[in-house]
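Here is what each chain is made of, one letter per residue.
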Amino acid sequence: MLRRPEYRKALVFCGLIGVPVSLIAFWFLVALQKLEQLLWTDWPRDLGWKQAPWWWGFPLLLVAGVAVGLIVTRLPGLGGHIPAAGLHSGGITRNSLPGVVLAALFSLPLGAVLGPEAPLMALGTGLALLFASFVRAPQTPASTALLGAAGAASAISALLGNPVVGAVLLMEVAGVGGPQLFAVMLPALLSSGIGALVFTGFGRWTGLQTGSLNIGLPKPPLLDAGDVLWALLMAPAIALLIHGAFVGGRFTAGFVASRTVRNTTLCALGAAGCIALYTIATGRSPSEVALSGQATLGRLASDPHAWSVGALIAVLVFKAIAYTLCLGSLRGGPVFPALFLGGATGALLAPLPGFGLVPAMAAGMAASVTAALRLPVSSVVLVVLLLGNVDTVPVVVLAAVVSFVLAELLPQGPRIPAFSESPAGRAPRRELSQPG
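Keep in mind the model is a prediction, meaning the values are calculated, not measured. (Residues numbered from 1 in each chain as written. Predicted model: local features only at pLDDT ≥ 70, side-chain atom pairs only at ≥ 80, totals over all residues. Heavy atoms only, no water.)

A. Fine view of the overall build of the protein. Along its length, the protein carries 15 helices and two strands. In the protein, which comprises 436 residues, the proportion classed as buried is 56%. Considering only contacts within the protein whose residues lie at least 6 apart along the sequence, 78% involve residues at least 24 apart. As displayed, the protein offers around 17,400 Å² of accessible surface, 68% of which is attributable to carbon and sulfur atoms. (Helix = DSSP H or I, 4+ residues; strand = E, 2+ residues; numbered from the N terminus. Buried < 20%, exposed > 50% of the residue type's maximum accessible area, 1.4 Å probe, protein only. Contact = heavy atoms within 4.5 Å. Areas by Shrake-Rupley, 256 points an atom, 1.4 Å probe, with all protein chains shown as cover.)

B. Structural detail: the nonpolar core. Ranked by internal contacts, the top residues of the largest apolar core, which has 115 residues, are Tyr 323 and Leu 339. Excluding its chain neighbours within four sequence positions, the residues that come into contact with Leu 339 are Leu 297, Met 365, Ser 368, Val 369, Leu 382, Val 383 and Leu 386. (Core = buried A, V, L, I, M, F, W, Y, C linked by side-chain atoms within 4.5 Å.)

C. Region of interest: the confidence of the model for the protein. Confidence in the prediction for the protein averages 82 pLDDT; 77% of positions are at 70 or higher. In the model, residues 419–436 has pLDDT below 50 throughout and makes 41 contacts with residues more than four positions away in sequence or in other chains. (pLDDT = per-residue confidence, 0-100.)

D. Summary view of helix α14 (residues 376–387). Here α14 spans 17 Å end to end across 12 residues, near enough to the 16 Å set by a 1.5 Å rise per residue. Listed in full, the buried residues belonging to α14 are Ser 378, Ser 379, Val 380, Leu 382, Val 383, Val 384, Leu 386 and Leu 387. Directly after α14, the chain includes Gly 388, whose backbone phi takes a positive value near 75°. (Expected span 1.5 Å × (residues − 1).)

E. A look at the packing of helix α8 (residues 225–258) against helix α12 (residues 335–349). Between α8 and α12, whose axes approach to 11 Å, the crossing angle comes to 140°. It follows that α8 is oblique to α12 by the angle criterion. The way α8 lies across α12 gives a crossing that is right-handed. In this structure, α8 contributes Met 234, Ile 238, Leu 241 and Ile 242 to the contact, and α12 contributes Ala 338, Leu 341, Gly 342, Thr 345, Gly 346 and Leu 349. Here the residues of the contact of α8 with α12 sort into seven nonpolar, three polar and no charged. (Axes fitted to C-alpha atoms, helices over the stretch in contact; angles between N-to-C directions. Parallel < 35°, antiparallel > 145°, perpendicular 65-115°, else oblique. Left-handed = near helix turned anticlockwise from the far one by under 90°. Nonpolar A, V, L, I, M, F, W, Y, C, P; charged D, E, K, R; others polar.)

F. Fine view of the environment of Ala 253. Note that Ala 253 resides in helix α8. Using a relative accessible area of 3% as the deciding quantity, one classes Ala 253 as buried. Between the C-alpha atom of Ala 253 and that of Cys 267, which follows or precedes it by 14 residues, the distance is 9.8 Å.

G. Expanded view of a nonpolar patch on the surface. On the surface, Leu 47, Trp 49, Trp 54, Trp 55 and Ile 280 cluster together into a nonpolar patch covering about 540 Å² of accessible area. Take Trp 49: it is sitting in the loop between α1 (5–46) and α2 (57–74). (Patch = residues over 30% accessible without salt bridge, like charges linked within 9 Å, V, L, I, M, F, W, Y side chains within 5 Å. Salt bridge = Lys/Arg side-chain N within 4 Å of Asp/Glu carboxyl O.)

H. Local environment of the side chain of Arg 331. Within the secondary structure, Arg 331 sits in the loop between α11 (309–329) and α12. Exposure remark for Arg 331: the relative accessible area of 6% places this residue in the buried category. Non-local contacts of Arg 331, meaning those with residues more than four positions away in its chain, are made with Val 68, Val 72, Leu 78, Gly 79, Gly 80, His 81, Ile 82, Pro 83, Ala 103, Ser 107, Leu 108 and Leu 114.

I. Quick peek at the packing of aromatic side chains. Following the criterion strictly, the structure yields five aromatic pairs and no others. Note on Trp 55 and Trp 56: the rings are 5.7 Å apart at their centroids and 45° apart in plane angle, and the pair reads as tilted. Each residue in the set Trp 49, Trp 55 and Trp 56 is aromatic and connected to the rest through ring pairs, giving one cluster. The ring of Trp 307 is capped by Arg 284, whose NZ or CZ atom sits 4.0 Å from the centre of that ring. One cation-aromatic arrangement involves Lys 319 over Phe 340; the distance from NZ or CZ to the ring centre is 5.2 Å. (Phe/Tyr/Trp six-rings, centres within 6.5 Å; stacked < 30°, edge-to-face > 60°. Lys NZ or Arg CZ within 6 Å of the ring centre and 35° of its normal.)

Laid out in structure tokens, this is it:
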């Protein structure tokens, strides 16, 4: 493969596009975090509240629902993939970029219970194809898939902070194997590595932050039989929770497909209702149910005793329902809310005899993200990176395997509704795709 001149040219080009793609991805993540901070922390404090009031999510998610509904029906690309279908690396063109970016900006900072990984992958794919068109690179199906995977890997490395995780994730998402594995993985790994280097440099030079995957768990003691046993018992329950959210998300997507703008808005307001009920019931911040849960997971891991049993149960119930509604209606990725739900379940069950906080949260996050993505290798690598240690790897692997097997054997629910692109102002034609 390396002896072929066209492949060597593609390898060099994939390395080069890693620079602009990672820079744009970095500033995109900075913009999302700054908007989230402004809308959920700064504005409430400027208006005299210690934290956002219980009704705060209603106006924000009303705007999100209307805006995303209009983007889906009127812009090419439908604002990106429906989150309930899981992560995808294909199906994005350079014409889809405006809709993907706008849908993410109107979903994520305004309170959607979704993460930035899916829009980021779509952004990287679209930018790679856009840059290829600028230099008039040959666009065959193989080269398009190769460039798209490299661009997505470069962009996702800005979020995950590790080129290996980005490359492994794209390997499983793309579903390649055999001789194609080397052909796709080498450019993706190169582009991802360059993207991570540029991202790290800019993070240090500017002083700006896009969020860190290190949630600050203390170093755990050695695993014992209780940790393994409870992890094996907890993993199926978490897999059922996350799988149920995705099945519900597919039903939600079918509901949204009939009258997109109206029903997207209703689902967004339903998520706002979950946020309000949690705040009223617990007196805690509404942002703990809203948003991706990445920052809240770090606070939970560093000080789990600040959460009562009732608060943990409430956040699991209301965030899971809001997650279900957002999976089928708004735009974003499924990873971070799933990680939070798994980590919160682990924190809730950690006081069980013989169970420790760190292995409980590790097993919970592994089970939840595996059930969400159906990518067991990527899920294990991601959770190990998140924890920052290798001492919990055995329970992480066991929980991921149990969760994957159970999620694959369970009924998958309805197919994901999709739409063919149509001119602005006309109702899109409904099609069906296989569930992700």
